[in-house]
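Descriptive structure summary
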Amino acid sequence: MQPKPIVSVIIPVFNTGRYLEEAVSSILNQTLEDIEVIVVNDGSTDNSVEVLATMSATDSRIRLFSQKNQGQSVARNLGLDNARGEYVYFMDSDDILEKDALRRCFEKCKKENLEMVFFDADMFSDEEIPLSWDYIRAGKVKEDVCTGVEVMERLAAIGKFRVSPCLIFVKRDLIENGKLRFYPGIIHEDELFIPKLHFAITRAAYIPITLFHRRVRGNSTMTNSFSHRNLNGYLTVMSELRRFSKGRTEREVKLIDKLISVIVNPVIYQSNIFPMREKVRILNKLYNIGALRFIKWKNIAVFICPCLLKAKPIIMGMLK
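Residues numbered from 1 in each chain as written. Predicted model: local features only at pLDDT ≥ 70, side-chain atom pairs only at ≥ 80, totals over all residues. Heavy atoms only, no water.

1. Thoughts on helix α10 (residues 276-289)
Note on helix geometry: an α-helix contains 3.6 residues per turn, so any two residues three or four positions apart are oriented the same way. Compared with the 20 Å implied by 1.5 Å per residue over 14 residues, the 20 Å span of α10 between its first and last C-alpha is a close match. Every buried residue belonging to α10 is among Glu 278, Lys 279, Ile 282, Leu 286 and Ile 289, and all of these are buried. Along the axis of α10, the buried residues cluster in a sector spanning 100°; they form a single face. Relative to its buried face, α10 has exposed residues pointing more than 90 degrees away, namely Arg 277, Val 280, Tyr 287 and Asn 288. Buried residues in α10 make contact with α8 (228-245), α9 (250-270) and α11 (297-304). Looking one or two places after α10, you find Gly 290, whose phi comes out positive at around 85°. (Helix = DSSP H or I, 4+ residues; strand = E, 2+ residues; numbered from the N terminus. Expected span 1.5 Å × (residues − 1). Buried < 20%, exposed > 50% of the residue type's maximum accessible area, 1.4 Å probe, protein only. Arc of directions from axis to C-beta. Contact = heavy atoms within 4.5 Å.)

2. Digging into the nonpolar core
Formed by 59 residues in total, the largest nonpolar core has its most connected members in Ile 175, Leu 197 and Leu 286. Among the elements that take part in this core, α9 stands out by supplying eight residues, more than any other. Sequence-distant contacts of Leu 286, defined by excluding residues within four places in its chain, comprise Leu 235, Met 238, Val 264, Ile 268, Ala 291, Leu 292 and Ile 295. If you look at the next biggest cluster of nonpolar residues, it comprises 41 residues, including Val 39, Leu 52, Phe 119 and Ala 205. (Core = buried A, V, L, I, M, F, W, Y, C linked by side-chain atoms within 4.5 Å.)

3. Things to note about helix α2 (residues 48-56)
For α2, every residue scored as buried is listed here: Ser 48, Val 51, Leu 52 and Met 55. All buried residues of α2 fall inside an arc of 95° around its axis, so they share one side. Where α2 is buried, its residues meet β1 (7-13), α1 (17-28), β2 (35-42) and β3 (62-67).

4. Topic: the pairing of strand β6 (residues 116-124)
Counting buried positions along β6 yields seven of nine residues, so the element is predominantly enclosed. Relative to strand β7 (residues 168-171), β6 runs antiparallel, the two sharing three bridges. Looking across to β7, one finds that Phe 118 is bridged to Ile 168. Summarising the sheet, β6 and strand β8 (residues 204-215) pair through eight bridges and their orientation is parallel. Bridge assignment links Met 116 to a residue of β8, and that residue is Ala 204. (Pairing = 2+ DSSP bridges.)

Dropping the structure here:
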């Protein structure tokens, strides 16, 4: 029987052949060498399979899996089902990880007996795409050991809670014992998996260093226009978060309410593009979730009457 690696790096792949070699190489070149790289081809139709075959032929740490296209959630779950490492790191197939990232995370976890560490990221693009999002928390977050709930509370209080799995390094037993998996068939599944994971964590800490580099590109979940697919994903996440809140403490329910409120306002604002019949369905769904009370008047106004987007700023300001 092969010895278990320290870290299982899980990489779902779908049509990212252009960036794949750079992304996977940033994992293979880690200063922490005792790793396995579980790459799941999610039905790619470009040259991703060829790139992966070439790379796996030169490095036995790569374990290749293939499935018909079922989405990132199912691909990551397949990776988790086959992972053997003491820790898990989720990598995206078009991004870059600093070469000492896994070593830094592992050493900090061992030194302070942690179940999870989280760190920062920056963004870059080969295209003319505005980079308005922010993954930097350095100087704004304490570095002491705390629970996952405390992590979320602290970050949510300053608007810095980020749900990308690429920003955490976690013990695999925690995921397995909690029977945690990504919700299949939707996008924005990270908005559900990461909070549920944090609720299971008793010892976590922050590494105030940028260890991850996120590539922003066109035709991705982050940059595509809002659609029914986005809407249905967010509605599912909010519904599952509400179900998850049942029977929890007042403090935990308050935190989940905060997470839902952060999701629902952009969703209702961007849903102004849908016809009125669809809007009625959305409001009914949000009522059942218990999310209507979190929506700001400005967003409700735009949702009902998109023409307000063309109004003068002073008029919109009155609706806040």
